[in-house]
Amino acid sequence: MYIFIQQVINGLTIGSIFALIALGYTMVYGTMKFINFAHGDLVALSAFVGLTIYTTVVSSFSNSIIAILISLIITIVIISIIGYLLERIAYRPLRKAPRLSAVVSALGAGMVFQNAIMLIWGPNPHYYPADIIPNKIWHFGDSVISLIQILILLLSFFIMIGLYILVNKTRTGRAIRAAAINQDAARLMGINVDAIIVIIFALGSTLGAVGGMFLGMFYRGITFNMGWNYGISAFVAAIIGGIGNIPGAMLGGIFLGLFNSLIAGYISSTWADAFTYILLILILIFKPTGILGERVAEKV
Amino acid sequence: MRKSAIYKYLVFLGILLIYPLFSNSSWLAIGTTFIIYSIVALSQDIVLGKAGMFDMGHAMFFGIGAYISAIMNTVFNIPILWAIPVVVLISAIISVLMAMPTIHLRGDYLLVVTIGFNIIFQQVIKNNVFGLTGGPNGIFGIERPSLFGFEFSSDLSVYYLAFFVLILILIMIKNLETSAVGRAFHYLRLDNLAAQCVGINTRFYRLFAFALGASIASIAGVLFAIQYTVISPESFNLMQSILFFTIVIVGGMSSIPGVLLGTFLMFVLPEIFRDFNTYRYLVFGVMMILTMILRPRGIIPKKFGIIPKYLLKDK
Amino acid sequence: MELLKIENLTKIFGGLVAVDHLSFSVKKGQIYGIIGPNGAGKTTVFNCLTGIYKPEEGTVIWKGKDITNYPPDKIANLGIVRTFQTIRLFSDMCVAENIMSGRNQISKQHWYHGLIHTPFSKRDEKKNWLKVKEIMELMNLQDYATELTKNLPYGHQRRVEIARALATEPELIVLDEPAAGLNGHETLDLTNLIFKLRDMGFTILLIEHDMNLVMNVTDYITVVNFGEKICEGTPEIVQNDPAVIEAYLGKEDADDEGDEDEN
Ligand SMILES: Nc1ncnc2c1ncn2[C@@H]1O[C@H](COP(=O)(O)OP(=O)(O)OP(=O)(O)O)[C@@H](O)[C@H]1O
Ligand SMILES: [Mg+2]
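Keep in mind that this is a model prediction, so the values were computed, not measured.

Enquirer: An account of the packing of aromatic side chains is requested, with residue identities and associated values reported.
Expert: The tally for this structure, following the rule as stated, stands at 36 aromatic pairs over all chains. An aromatic cluster is present here, built from B:Tyr37, B:Phe62, B:Tyr67, B:Phe121, B:Phe224, B:Tyr228, B:Phe236, B:Phe244 and B:Phe267 joined pairwise through their rings. Just above the ring of B:Phe304 sits the side chain of B:Lys302; from NZ or CZ to the centre is 5.0 Å. A cation over an aromatic ring shows up here: C:Lys126 above the ring of B:Tyr310, its NZ or CZ 4.9 Å from the ring centre.

Dropping the structure here:
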């Protein structure tokens, strides 16, 4: 039983990070209908930028939590700007082009990020300091939960609630949803679709930046090519939830995190990826547009 | 085929024919791999470029060809060329089994499914199932083939073997373009519903495209095993699939010259700039973005509207 | 003899009953019209008939055989072929290639002829291309043979779509608003074409908003409103039916009606 509880705690933690990253994929897909393959590498970049900022500012603060929050905010700003530039340079010229051209452009951008990280920080792993968050743990019987896990869970939870409110209860949110259903119609209704797309990239990058720093804080080791693996997992989470569907991405992330960690705990970690993808394929065979589904209707 | 097009192909093949005269052993190896990758890219193009199915796991079939032939050769001592029919059959069967339940999925969903199959395949070979695949180290000691008493033991002979296969594949793809099957691929890519409504069984043709693409990639896999005599999982991972996928989009979907040029740009060019190791992939990424912005349909897009002469009104 | 018989056809989208227990039958050699206001469910009937949608209820009977729920390609191969209200051509391909798509299933080539050509497959290829040529001449399209259809004017695109349908050698041609977007001259040509096709032995089922055209060419009409049949009969009967006038003609000019308000 204790394995189960432990794996659920770990799964929820990594699942909420997946969810944060998955939201970036799903929001872009929702409006622009293409897979932003560069998102994973942007997340990796955030982990590096965040660490660098943290190590520079940490000495000026007495409390490392404040240092972390400050670094988080600065990282978010930097990554959002990079996300904006990414859209502006690599995707906007391709709005009218075949969709696969944008996919290849995204793959190219991912390669640029990955190699930029390698050039700046070198090919060897970097480590988030162990004491970045006080190393407190709590016991439940035999299972443990650490302060960092609690922090990740709480922050992710609040961020997702915030996003949910933004998308469902505000004017901007309504415009985002309208642009996702039909860009042309939204434009005719006076919505500035370009501005919406900028907002989406900024939001997606923000969530990605948070996800990237959480990855660093939780696993500590970060490498220049880590973005691809986490990116693919988060993207799978978005698909499982139904791509383009915001609650779907959150659910898909949590679900995938739990699934991964239970497989690793009970079956084997060398086969974990295979199980993940078998699950994904089965879901798509029986629910061709993911669990919560995607809105598409082709009229003939 | 237009005369000018024939000349271009002859020039291309002519260059490949005399290329070994001007290359040392490491460049000869790059040349051989270029030919093999071209075959894989052409097969990827059948699935992605012609039939329009977003297959981002094509390296898997390349790998199936390499692994099955290597296992047959090293474990069962079967001459490797004899493996070709077996490899073609098995990969056609596997691809159809994979595609049957998933082929109806819309583009991007199919894309993740094929990524998924590629990753599952990776884990299977890395985990050394049945003790046959050699795990992360792969398989060593694959024998070079012999045919009618001729031993393909030198690298040069392997180069020409691959060259010969490339010519066969090119002829086959040209035939495909001027056949009912090949046109059906284009119709279903451009408008699946309209194609169905003129009576085309699009599901059958999709499965056929998948099986054909998989079989050709697996033949390339056998050649790859012959060339290196050692194979390991990384040569068939997701990154390789993405490479083949990108080659087709950058070169030009369903355009043979486009795919060949794409293979050159995406595989040979980075080899040429090997000395600039640290910067080359950064520049490479930038080039991918720029190419797509400047040539969104690929560098050499496919031209339609080439029909038999006897249809044209005498002008 | 009844070629096509539709019985009690019902199609529901979410809560909306787009087609409501509709029945009608088309005789061989007829030019049969279906009319009705926008959103009446006409296109949906065609979509059920050609296998694109599965109806919730009802049957489609073709030459005495129940073909309800057959897939579109099977239905096309039985001899029912259609055009679309919003033209659906293979827009990157040329006119001849588009028309050739109709020959695809008639061609006797096997899958392996895609890899290796034989004298047989070459003959087959040539025979089908020549048939395409014949159809282009019939439809007056030979000057545009190598033109990509996306570059053609609207009226020509409509003709290519009909030509592509003809290439399948159908028995029943189903036209969804063939005159939409055509100018007066082109509409006249279309009228003549429809008569010509009938004389060639094709049966024609058409949806059309252009009342002049409908009243001119059709032998028999069914009027649909809110998915239900409100009237049927010859053009004279339909024109004078009070229910039709109220539902349809009364509301709009008897003349011409655009379909711009598609959603
Ligand atoms: N795929 C679909 N999903 C949901 N509703 C649909 C779909 N197709 C049609 N409808 C609805 O069904 C009703 C009938 O539509 P249909 O296209 O058959 O009308 P129509 O008679 O062809 O009209 P028009 O003259 O404008 O072409 C309309 O209210 C339409 O919005
Ligand atoms: Mg209609």
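Enquirer: An account of the sheet that holds strand β7 (residues 172–176) of chain C is requested, with residue identities and associated values reported.
Expert: Residues and elements named next belong to chain C. Across the sheet, six strands lie side by side as β6-β7-β8-β3-β9-β10; this open sheet has mixed pairing. Strands at the two margins of the open sheet, each flanked by one partner only, are β6 (80–82) and β10 (228–233). In this sheet, adjacent strand axes meet at a mean angle of 20° when their direction is disregarded. Bridge count for β7 against strand β8 (residues 203–207) is five bridges, and the pairing is parallel. Residue Val-174 lies in a different strand from β8, and its bridge partner there is Leu-205. Along the sheet face, helix α1 (residues 42–49) touches β3 (31–35), β6, β7 and β8 and points at about 140° away from the line of β8.

Enquirer: Residues and numbers for the coordination of the magnesium ion (ligand 2), please.
Expert: All names here are of chain C. For the magnesium ion (ligand 2), every protein donor is listed as Thr-43 (OG1) and Gln-85 (OE1), and the spread of their distances is 1.8 to 2.1 Å. You can see Thr-43 sitting in helix α1 and its partner Gln-85 sitting in the loop between β6 and α3 (95–100), a full 42 residues away along the chain. Judged on exposure class, the residue Thr-43 and its partner Gln-85 are both buried.

Enquirer: Outline the interface of chain C and chain B, listing residues and values.
Expert: Counting from both sides, the interface comprises 43 residues of chain C and, opposite them, 36 residues of chain B. When chain C packs against chain B, close to 3600 Å² is buried across both sides, 65% of that on carbon and sulfur atoms. Its largest share of buried area at the contact with chain B, chain C owes to C:Phe90, C:Asn104 and C:Leu115, together 17% of the area lost on that side. Viewed at the interface, chain B and chain C are joined by three salt bridges. Among the ionic pairs, C:Arg88 bridges to B:Asp191, the shortest N-O distance being 2.8 Å. Where chain C meets chain B, there are 13 residue pairs in polar contact (both at pLDDT 80 or more). When the residues that make up the side of chain C that touches chain B are grouped by side-chain class, the tally is 19 nonpolar, 14 polar and 10 charged.

Enquirer: Describe the site of ligand 1, naming the residues involved and giving the relevant values.
Expert: With respect to spatial proximity, 16 residues lie near ligand 1, and among them C:Gly39, C:Lys42, C:Thr43, C:Thr44 and C:Gln85 are the closest. Chain contributions to the surroundings of ligand 1 come from chains A and C. With respect to ligand 1, the backbone of C:Ala40 contributes an N or O atom lying 3.2 Å from an oxygen atom. A distance of 2.8 Å separates an oxygen atom of ligand 1 from a polar side-chain atom of C:Gln85. About the coverage of ligand 1: the protein hides 80% of its 630 Å² of free accessible area. Among the elements that make up the shell around ligand 1, the one with the highest residue count is α1(C) (three residues). Residue classes in the shell around ligand 1 are distributed as five nonpolar, seven polar and four charged.

Enquirer: Provide a residue-level description of the domain arrangement of chain C, including the pertinent values.
Expert: Residues and elements named next belong to chain C. Looking at the assigned domains, one finds that chain C contains domain 1 (1–79 + 170–263) and domain 2 (88–167). Of note, the centres of domain 1 and domain 2, computed from C-alpha atoms alone, are 27 Å apart. Taken together, the contacts link 17 residues of domain 1 with nine residues of domain 2. Of the roughly 960 Å² buried between domain 1 and domain 2, counting both surfaces, carbon and sulfur atoms make up 73%. When the buried surface of domain 1 facing domain 2 is broken down by residue, Asn-77, Pro-170 and Leu-193 rank first, second and third, together holding 30% of it. Joining domain 1 to domain 2, the criterion identifies two residue pairs in polar contact (both at pLDDT 80 or more).

Conventions we followed
Residues numbered from 1 in each chain as written. Chains lettered and ligands numbered in written order. Predicted model: local features only at pLDDT ≥ 70, side-chain atom pairs only at ≥ 80, totals over all residues. Heavy atoms only, no water. Phe/Tyr/Trp six-rings, centres within 6.5 Å; stacked < 30°, edge-to-face > 60°. Lys NZ or Arg CZ within 6 Å of the ring centre and 35° of its normal. Pairing = 2+ DSSP bridges. Helix = DSSP H or I, 4+ residues; strand = E, 2+ residues; numbered from the N terminus. Axes fitted to C-alpha atoms, helices over the stretch in contact; angles between N-to-C directions. Contact = heavy atoms within 4.5 Å. Donors = N, O, S within 2.8 Å, 3.2 Å for Na, K, Ca; no water. Buried < 20%, exposed > 50% of the residue type's maximum accessible area, 1.4 Å probe, protein only. Buried area = accessible area lost by both parts, 1.4 Å probe. Salt bridge = Lys/Arg side-chain N within 4 Å of Asp/Glu carboxyl O. Polar contact = N/O pair within 3.5 Å; in protein donor to acceptor, adjacent residues only side chain to side chain. Nonpolar A, V, L, I, M, F, W, Y, C, P; charged D, E, K, R; others polar. Near = heavy atom within 4 Å. Areas by Shrake-Rupley, 256 points an atom, 1.4 Å probe, with all protein chains shown as cover. Domains from an automatic or database assignment.

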